[in-house]
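These are the residues of each chain, in order.
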Amino acid sequence: MGRLAGQTALITGGNSGIGQATAYLFAAEGAVVMIAARNESAGQKTVRQIQAAGGAAQFIRCDVRIPENCQSAVDETLRQFGRVDILFNNAGIVPAGTILETTPDTWQDVWATNVSGTFYMSRAVLPSMIEQRRGVIVNNASDWAIVGGQAAAAYCATKGAVALLTKAMALDHARQGIRVNAICPGDTYVDRWQRQPKPGQTHEALRQELGANFPLGRVGSVEEIARAALFLASDDASYMTGQLLVVDGGNTAGGTSVKY
């Protein structure tokens, strides 16, 4: 029996990166997984891979910036599977830039995706969790929700907001049987780095360059972050709510200005 046997998990942005790795892991641990994302072809491919491995998964197209899309994703999950036990608010974007380098459109988009998307999806799923008197929400924040980072002003602001929203939601819904926590990943080797190495640089060289700035000497893998999300989603974390689980290779222990 897997740690999530008999449960249903709704994962936003589950078609790539951390979300995809978490979808694979949750399914392997016995959960039925609903992937909600904008990219249907990538989402359906992930579903097929989960099913080929013996897991259960479905896909629904969802733009978390749109409240009606979030409600539809929850409604369809309830229609197909009868309940939502776990919500992983993973969808997010990572724009670079200082305040002066960030356009108003980018500012609005990153807030709409990273913060409003978490709000809309949580607001849609909470009534059913309250009714069943059980549920887990895991938000994807960042180690830069704990300390600041350079040239990522909008991203840092949104992830700080997700961190405090996590704590507020945890307090509001603890007595209703709902736990709300967040993972705070450090630099993780995700798809966008694999597709866009620097000119003349191999992927392995890029990994080594990025990892040199961290105490453990490497960046994280999506599988390592997924295992943290699994811990928070499972009964292994049954006495945890309102917490920020930092998985960052030691980055925040010394601050982001430390160089190794």
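Below is a summary of the structure that appears in this document. (Residues numbered from 1 in each chain as written. Predicted model: local features only at pLDDT ≥ 70, side-chain atom pairs only at ≥ 80, totals over all residues. Heavy atoms only, no water.)

### Observations concerning the overall build of the protein chain
When helices and strands are counted, the protein chain shows nine helices and seven strands. Computed over its C-alpha atoms, the radius of gyration of the protein chain comes to 18 Å, within 12% of the 18 Å expected for a compact globule of 260 residues. Along the longest, intermediate and shortest principal axes, the C-alpha atoms of the protein chain span 50 × 40 × 35 Å. In the protein chain, buried positions account for 47% of the 260 residues. Of the contacts formed within the protein chain by residues at least 6 apart in sequence, a portion of 72% connects residues at least 24 apart. Counting only carbon and sulfur atoms, one obtains 52% of the accessible surface of the protein chain, whose full area is about 12200 Å². (Helix = DSSP H or I, 4+ residues; strand = E, 2+ residues; numbered from the N terminus. Rg over C-alpha atoms; globule rule 2.2 N^0.38 Å. Buried < 20%, exposed > 50% of the residue type's maximum accessible area, 1.4 Å probe, protein only. Contact = heavy atoms within 4.5 Å. Areas by Shrake-Rupley, 256 points an atom, 1.4 Å probe, with all protein chains shown as cover.)

### Quick look at the side chain of H173
Relative to the elements of secondary structure, H173 occurs in helix α5 (residues 153-173). Residue H173 is classed as buried on the basis of its relative accessible area of 15%. Dropping the residues within four chain positions of it, H173 is found in contact with L126, I130 and I178.

### Section: the nonpolar core
Residues F26, V33, I35, I86, F88, V138 and I183 are the most contacted members of the largest nonpolar core, which totals 32 residues. If you list the elements that add at least two residues to this core, you get β1 (8-12), α1 (17-28), β2 (32-37), α2 (40-52), β3 (56-61), β4 (86-89), β5 (135-140) and α8 (222-233). Ranked by the residues each element gives to this core, the list is headed by α8, at eight residues. Setting aside residues no more than four positions away along its own chain, I183 makes contact with F88, V138, N139, N140, A141, S142, I225, A228, A229, L232 and L245. Core analysis: the next-biggest nonpolar cluster, separate from the first, contains 22 residues, I60, V64, C70 and I178 among them. (Core = buried A, V, L, I, M, F, W, Y, C linked by side-chain atoms within 4.5 Å.)

### So, unusual backbone geometry
Even without being glycine, R133 reaches a positive phi, approximately 60 degrees. If you trace the backbone, R133 turns up in the loop between α4 (104-132) and β5.

### A short note on the environment of S41
Relative to the assigned elements, S41 resides in helix α2. What makes S41 exposed here is its relative accessible area of 56%. Engagement of the side chain of S41 in a polar contact is seen with the side chain of N39, the distance being 2.9 Å. (Polar contact = N/O pair within 3.5 Å; in protein donor to acceptor, adjacent residues only side chain to side chain.)

### Some thoughts on the pattern of salt bridges
Considering all chains together, one arrives at eight salt bridges under this definition. A salt bridge links E29 to R3, with the nearest nitrogen and oxygen atoms 3.5 Å apart. Here R3 lies in the segment before β1 and E29 lies in the loop between α1 and β2, a separation of 26 residues in the sequence. The exposure class assigned to R3 is partly exposed, which follows from its relative accessible area of 42%. (Salt bridge = Lys/Arg side-chain N within 4 Å of Asp/Glu carboxyl O.)

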